[in-house]
Amino acid sequence: MSDIRSEDETAIQAVLVDSYTAWEAGDAEGMVANYTADATAIMTGSFRDSRDAVRENMALAFEGPLKGTSTYNKQLSLRFVGSDGAIVVSESGILFPGQSEIPDAAKVNATWVFEKRDGRWLIAAYHNSPVLAPGQ
């Protein structure tokens, strides 16, 4: 891997860590700080079509069902698409208060699409789906 790709990979990892850290703090603004304004997020039963929509929904969730949660994230791959794009695939899940691990049935595969804008790597899209199909 060239030095520039190593630097890009490190920068992308930092964006993810910042997002995970903000989640743990219940900080919706911090969680989307590295999202593009036109970012999209698709999860089972929901489509959020901007950074503002993601922030607003996460703020409500952090006040309610996701209060006190953290996330489990295991990166499965990172690949670059041209000079200004990257895709990260991870296995993820939500750790609720009192949990020490994520049940397999609650894990998701997530796809993060990154775009480099003005020298910064930003999250342009996020999508997740269950690791296991219902009934498995």
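Reading guide: rules and limits
Residues numbered from 1 in each chain as written. Predicted model: local features only at pLDDT ≥ 70, side-chain atom pairs only at ≥ 80, totals over all residues. Heavy atoms only, no water. Pairing = 2+ DSSP bridges. Helix = DSSP H or I, 4+ residues; strand = E, 2+ residues; numbered from the N terminus. Phe/Tyr/Trp six-rings, centres within 6.5 Å; stacked < 30°, edge-to-face > 60°. Lys NZ or Arg CZ within 6 Å of the ring centre and 35° of its normal. Axes fitted to C-alpha atoms, helices over the stretch in contact; angles between N-to-C directions. Contact = heavy atoms within 4.5 Å.

Here strand 3 (residues 70-81) pairs with strand 4 (residues 85-95) via 11 bridges, running antiparallel. Residue pairing across strands places Gln75 opposite Ser90, the latter belonging to strand 4. Between strand 3 and strand 4, which pair antiparallel and follow one another directly, the connecting turn spans three residues, one of which, Gly82, has a positive phi of 70°.

Glancing now at the packing of aromatic side chains. Two measures describe an aromatic ring pair: the distance that separates the ring centres and the angle between the ring planes. With the rule as written, the count across this model stands at four aromatic pairs. Where Tyr20 meets Trp112, the ring centres are 6.2 Å apart and the plane angle is 75°; that geometry is what we call edge-to-face. Placement of Tyr20 in helix 1 (residues 3-24) and of Trp112 in strand 5 (residues 108-117) is noted, with a sequence separation of 92 residues between them. Cluster of aromatic residues (ring-pair linked, three or more members): Tyr20, Trp112 and Tyr126. Above the ring of Phe80, the side-chain terminus of Arg5 is found at 3.8 Å from the ring centroid.

Before going further, it helps to spend a moment on the sheet that holds strand 2 (residues 46-48). Read from one edge of the open sheet, six strands run 2-1-6-5-4-3, paired in mixed fashion. The strands lining the two open edges of the sheet, one partner per strand, are strand 2 and strand 3. For this sheet the average axis-to-axis angle between neighbouring strands, irrespective of direction, equals 15°. Pairing of strand 5 with strand 6 (residues 120-130), which is carried by 10 bridges, proceeds in the antiparallel orientation. The residue of strand 6 that forms the bridge with Glu115 is Leu122. Set on the sheet, helix 3 (residues 51-63) makes contact with strand 1 (35-43) and strand 2; between it and strand 1 the angle comes to about 55°.

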